[in-house]
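A look at the structure
Single-letter residue listing:
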Amino acid sequence: MIPQRQIAPVASLTVPALSISGLSVAYDDTIVVGDVDARFMSGTMTAIIGPNGAGKSSLLKATLGIVPKLAGHVAFFGEPLDTVRDRVAYVPQRAGVDWDFPARVLDVVLMGLYGELGIFGRLRPSHEKRAMDCIARVGLTDFARRQIGALSGGQQQRVFLARALAQRADILLLDEPFAGVDAATEKALVQVLHALRGEGLAIVAVHHDLATVPAYFDHVLLLNRRRIAEGPVATAFTEKALAQTYGARGAAHA
């Protein structure tokens, strides 16, 4: 049986898993994220939505220090990233990954343990078992010894989710996790993410399919370089907010 995480303690539900205050990002003197405030709580699954070029991926990358902040403050569980980095996992867009790198599925998932072991840490059978448990949880047991480049796009996305699970992080930041995957894979990924939410994790995902937001997510951040709306899907995901985010015509066809 695949072990699951314990439910997050009540204390962790009162401090945001990720808080952003006045965050701004610029590329070549062009503001792509402007003065954004947002809070993401443990035990929730939040979609970041907005049109192309709205700054969604840049927002995630800036919280992780992958791209520099122009201004603003970011805290994970009330602390700077460097002090809680092992609690934070990032799943990038598939397009940004070199899939020709000669690694097996198991090797990639074991990378999730490097923060715990260090570069020269010795892998033990217990570590491989932990990785295999995570691979099983995303439904890829039969592919564990296969080269990652030989997998389909949806299978590759599952591998990177398994790597995040192996890290045992408390917040997952995912950049378009459902892009380019088939319907069955998307359903499987959503089931895993919903289970993790139930175990107390914070799930934050850049998402582009507006039709699935109410079914997949309980919170939403609408972004178009600035924050348009944020909150529970029931109150923040409104026609008015969508029109402000995408434009009246864009919201109807996004």
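As a reminder, the structure under discussion sits directly above these lines.
Residues numbered from 1 in each chain as written. Predicted model: local features only at pLDDT ≥ 70, side-chain atom pairs only at ≥ 80, totals over all residues. Heavy atoms only, no water.

With that settled, consider empty space enclosed by the protein. The final tally for this structure, using the stated rule, is 1 cavity of 30 Å³ or more. Estimates place the volume of the largest cavity at around 30 Å³. Looking at the largest cavity, the residues that line it are V91, Q157, L161, L174, P177, L189 and L193. Listed by contribution, the elements that provide at least two residues to the lining of the largest cavity are α5 (153-167) and α6 (183-198). Looking at side-chain class alone, the lining of the largest cavity contains 6 nonpolar, 1 polar and no charged residues. (1 Å grid on protein atoms, 1.4 Å probe; cavity = no way out; pocket = protein on both sides within 12 Å on 5 of 7 lines; lining within 4 Å. Points joined across faces, edges and corners; volume = space filled by probe spheres on them. Helix = DSSP H or I, 4+ residues; strand = E, 2+ residues; numbered from the N terminus. Nonpolar A, V, L, I, M, F, W, Y, C, P; charged D, E, K, R; others polar.)

Turning our eyes to something else, we now look at the sheet that holds strand β3 (residues 45-49). Read from one edge of the open sheet, 6 strands run β5-β6-β7-β3-β8-β9, paired in mixed fashion. Of all strands in the sheet, those bounded by a partner on one side alone are β5 (88-91) and β9 (226-232). For this sheet, the mean inter-axis angle between neighbouring strands, taken without regard to orientation, is 15°. Packed on one face of the sheet, helix α1 (residues 56-64) meets β3, β5, β6 (171-175), β7 (202-206) and β8 (219-224) and runs near 140° to β6. (Pairing = 2+ DSSP bridges. Axes fitted to C-alpha atoms, helices over the stretch in contact; angles between N-to-C directions. Contact = heavy atoms within 4.5 Å.)

On to the packing of aromatic side chains, then. Across all of its chains, the model carries 2 aromatic pairs by this definition. Centroid distance F178 to Y216: 5.5 Å. Interplanar angle 65°. Geometry classified as edge-to-face. Of the two residues, F178 sits in the loop between β6 and α6 while Y216 sits in helix α7 (residues 213-216), which places them 38 residues apart along the sequence. Chaining the aromatic ring pairs together yields one cluster made of F178, Y216 and F217. (Phe/Tyr/Trp six-rings, centres within 6.5 Å; stacked < 30°, edge-to-face > 60°.)

Here we take up the nonpolar core. With 55 residues, the main nonpolar core has I49, V109, L172 and L193 as its most contacted residues. The element contributing the most residues to this core is α5, with 7 residues. Once residues lying within four places of it in the same chain are set aside, the contact partners of V109 are A131, C134, I135, V159, A162, R163 and A166. (Core = buried A, V, L, I, M, F, W, Y, C linked by side-chain atoms within 4.5 Å. Buried < 20%, exposed > 50% of the residue type's maximum accessible area, 1.4 Å probe, protein only.)

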